[in-house]
Amino acid sequence: MSTAAFRVLALGLAALAMAPLRYEFPPITDFPEHAATIATLSDAWTNGPLSTWYELDFVHTQYWLMAVLGALLAPLVGGPVTALKVLLVLASVGLVAALMRLARTFELDERLALVAVPLLWSRPFTLGFVPFVMAAPLVVWALAEVGGVVAPSRRAQVLVGALSLAVFFLNLASVVWLGVAAVAVVASRNFEWRRLTGLIALVIPVGAWLVFSDVTNVDSSRFAVSMDGRWWSPKHLLLEAPSWLTDRWSGDLDVMLLGILVLAIAALAEARSFSRPGLALSLSTA
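Before going into details, it helps to say that this report is about the structure given with it. In this numbering scheme, every chain counts its residues from 1 along its sequence in written order. With pLDDT at 70 or above as the cut-off, local features in this predicted model cover only qualifying residues; side-chain atom pairs require 80 or more to be listed or tallied, and sums for whole chains, interfaces and linings still use all residues. Side-chain numbers here rest on the full set of heavy atoms in the structure, without hydrogens or water.

**A closer look at the overall build of the protein chain**
Summing up its helical and strand segments, the protein chain has twelve helices and zero strands in all. Throughout, exposure labels follow a simple rule: accessible area from a 1.4 Å probe, protein chains only, divided by the maximum for the residue type, with under 20% read as buried, over 50% as exposed, and the rest as partly exposed. The buried share of the protein chain, reckoned over its 286 residues, is 39%. Residue pairs at least 24 apart in sequence account for 70% of intrachain contacts in the protein chain once pairs closer than 6 positions are excluded. Using a 1.4 Å probe, the Shrake-Rupley method yields the accessible areas, and only the shown protein chains count as cover for residues. Carbon and sulfur atoms form 68% of the exposed surface of the protein chain, whose accessible area is close to 16900 Å². For the purposes of this entry, the term helix denotes a DSSP run of H or I that reaches at least four residues, the term strand denotes a run of E that reaches at least two, and both are numbered from the N terminus. Note on contacts: a residue pair is in contact if any heavy atoms of the two residues lie within 4.5 Å.

**Looking at the packing of aromatic side chains**
Both the distance between ring centres and the angle between the ring planes are used here to describe each pair of aromatic rings. Here a Phe, Tyr or Trp ring, Trp counted by its six-membered ring, pairs with any other such ring whose centre lies within 6.5 Å, and the pair is stacked when the planes are under 30 degrees apart, edge-to-face when over 60, and tilted otherwise. Per the stated rule, a full pass over the model turns up four aromatic pairs. Seen in terms of ring centroids, W64 and F169 are 4.6 Å apart; in terms of plane orientation they differ by 40 degrees. Their pairing is tilted. Taken together, the positions of W64 in the loop between α2 (31-45) and α3 (65-77) and F169 in the loop between α7 (154-168) and α8 (172-187) put the pair 105 residues apart, joining distant regions of the chain. The exposure class of F169 is partly exposed, given its relative accessible area of 23%. Taken together, the ring pairs in this structure connect W64, F168 and F169 into an aromatic cluster.

**A short note on the pattern of salt bridges**
We define a salt bridge as a side-chain nitrogen of Lys or Arg found within 4 Å of a carboxyl oxygen belonging to Asp or Glu. One pass over the full model with this rule turns up four salt bridges. Salt-bridge contacts for R101 lead to E145; the nearest nitrogen and oxygen are separated by 3.2 Å. You can see R101 sitting in helix α4 (residues 80-105) and its partner E145 sitting in helix α6 (residues 130-146), a full 44 residues away along the chain.

**With respect to the packing of α7 against α8**
For every element, the axis is a line fit to its C-alpha atoms; helices are fit only across the contacting stretch, and the angle between N-to-C directions ranges from 0 to 180 degrees. Viewed as axis vectors pointing N to C, α7 and α8 meet at an angle of 145 degrees, and their least axial separation amounts to 7 Å. Packed against α7, whose contacting residues are S164, V167 and F168, the element α8 presents L172, S174, V175 and L178 at the interface. Classification used: nonpolar for Ala, Val, Leu, Ile, Met, Phe, Trp, Tyr, Cys and Pro, charged for Asp, Glu, Lys and Arg, polar for all others including Gly. Among the residues forming the contact of α7 with α8, the class breakdown is five nonpolar, two polar and no charged.

**Brief notes about the environment of V77**
Its place among the elements puts V77 in helix α3. With residues near it in sequence (within four places) discarded, V77 still touches T82, A83 and V86.

**Details of α2**
The span one expects for a helix is its residue count, reduced by one, times 1.5 Å. Relative to the 21 Å expected for 15 residues at 1.5 Å per residue, α2 spans 21 Å between its end C-alpha atoms, a close match to the ideal helical length. Those residues of α2 hidden inside the fold are in contact with α3, α4 and α6. Looking one or two residues past α2, N47 carries a phi angle of roughly 55 degrees, positive in sign.

**A few points about the packing of helix α1 (residues 3-16) against α4**
Two numbers describe how α1 lies on α4: the axes approach to 7 Å, and their chain directions differ by 145 degrees. α1 and α4 meet at a crossing whose hand is right-handed. Facing α1, whose interface residues are F6, R7, A10, L11, A14 and A15, α4 presents S92, V93, V96, A97, M100 and R104. Of the residues contributing to the contact of α1 with α4, the split by class is nine nonpolar, one polar and two charged. By definition, turning the near helix anticlockwise from the far helix through less than a right angle yields a left-handed crossing, and turning it clockwise yields a right-handed one.

**So, α1**
Between its first and last C-alpha, α1 extends 20 Å over 14 residues, near the 20 Å set by a 1.5 Å rise per residue. Inspection of α1 places F6, A10 and A14 among the buried residues, and these make up the whole buried set. Taken end-on, α1 shows its buried residues confined to a sector of 75 degrees, consistent with a single buried face. Opposite the packed face of α1, turned more than 90 degrees from it, sit the exposed residues A4, V8 and L16. Tucked inside the fold, the buried residues of α1 contact α4. Think of the arc as the fan of directions from the helix axis to the C-beta atoms.

**A short note on the side chain of K85**
Structurally, K85 can be placed in helix α4. Positive: Lys, Arg. Negative: Asp, Glu. His and the chain ends are not part of the count. Lacking a salt bridge, the buried K85 has E24 as its closest oppositely charged neighbour, with an N-O distance of 8.1 Å. Within the structure, K85 has its side chain in polar contact with the backbone oxygen of Y23 (distance 2.8 Å). In contact with K85, not counting residues within four places along its chain, are L21, R22, Y23, E24, P26 and F31. Whenever a nitrogen or oxygen atom comes within 3.5 Å of another N or O atom, the pair is scored as a polar contact, on the condition that within protein one atom can donate a hydrogen and the other can accept it, and that pairs from neighbouring residues in sequence are kept only if both atoms are in side chains.

**Let's talk about a nonpolar patch on the surface**
Excluding any residue in a salt bridge, patches collect residues exceeding 30% relative accessible area, merging like charges within 9 Å and nonpolar Val, Leu, Ile, Met, Phe, Trp and Tyr side chains within 5 Å. Side chains of W45, L56, F58, L69 and L72 sit close together on the surface and give an oily, nonpolar patch of about 450 Å² of accessible area. In this fold, L56 is placed in the loop between α2 and α3.

**Topic: the environment of M134**
Locating M134 in the fold gives a position in helix α6. Residue class for M134 comes out buried when judged on its relative accessible area of 10%. Each C-alpha atom of the pair M134 and L88 lies 7.2 Å from the other, and the pair is 46 residues apart in sequence. With residues up to four places along the chain from it excluded, the contact list for M134 reads M66, L69, L87, A91 and L170.

**Observations concerning unusual backbone geometry**
With phi around 55 degrees, E107 is a residue other than glycine that occupies positive phi space. If you trace the backbone, E107 turns up in the loop between α4 and α5 (123-127).

By themselves, these observations are geometric and do not establish any function.
Okay, structure coming up:
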C-alpha cells in the first residue's frame, strides 16, 4: 500500500470510528450540555429569545473556543447538535492526522497512528470532555512542529503560537500537557530553547488567568457561600499527583494503569532498539 493510500485509510477509519454519533442521542454524557451551550451562544448572537435570559461573559473563563466554533458552524450544518457532532469527527480525524505527522517528525512508522483509532472512544470522550478532546490534535500537532530535525522556522513558530492559544481557549489542562511534552520533545534533539519560542504566546493569557480567574480568586466567584483558597506545597502536590492524574476510573484501576504505563516506558527506555526520539514520543503523548 502506498503512503498516500495508507493515510487516506487511516483518516477514513478515524471518521468511521465516529459512527455512533449518527444517533439522535450519542453515548456521550455531556453532549446535551455542550449542544445547549452552542445553541445559547448562537441564539445570543442572533438576538433570539435566549438572549434576554443569558449574558455573555468571555472574561471570566477561557473555555469558550469550542462553543464559538460550534456557534459559527451551526447555521452551516443544520443546528447546534450537528455542529457538535462535526467538531467531534474533526477532532478524531485530526488526532490521527497529527499523530502521523508526529511519527514522521521522529522518523517512526506512520502506521503507529492506527493504534489511536480504537482508543478514540476514551473515558474523556464518553464523559463529554469535548474541549479536551478538541485540544488533543492541536497539542500533538504543535509537538510535531517543535520536535523536527531542523529547528522550526519563524512561520512554524507562529503556527505553534496559534495552536498554543487555541489550546488555552479550549482546555487549561491541555496547556500543561503541551508545555511539559514540548520540553520532553525538544530534549530528544540537541536542546535549543528557541524551539520553544512559539509557546511565548501563552505568557500573557496564562498570566492574566492566574491574576484574574475566579479559580485563583475564589472569593470573587459567584457562590452563595464564601470560599477560602488553599495553596499546596510542592511536596504535597508531588505526593498527591497520582490521585489527581488518575481520577477518571473508579477504584484502583487508574493507579494500576499508571503503573503499567510507567513500567512500559521504562522497558522501552532500556530496549537498545528504541531510539531517544521514540522515547520522547511515548512520554509526550502518554
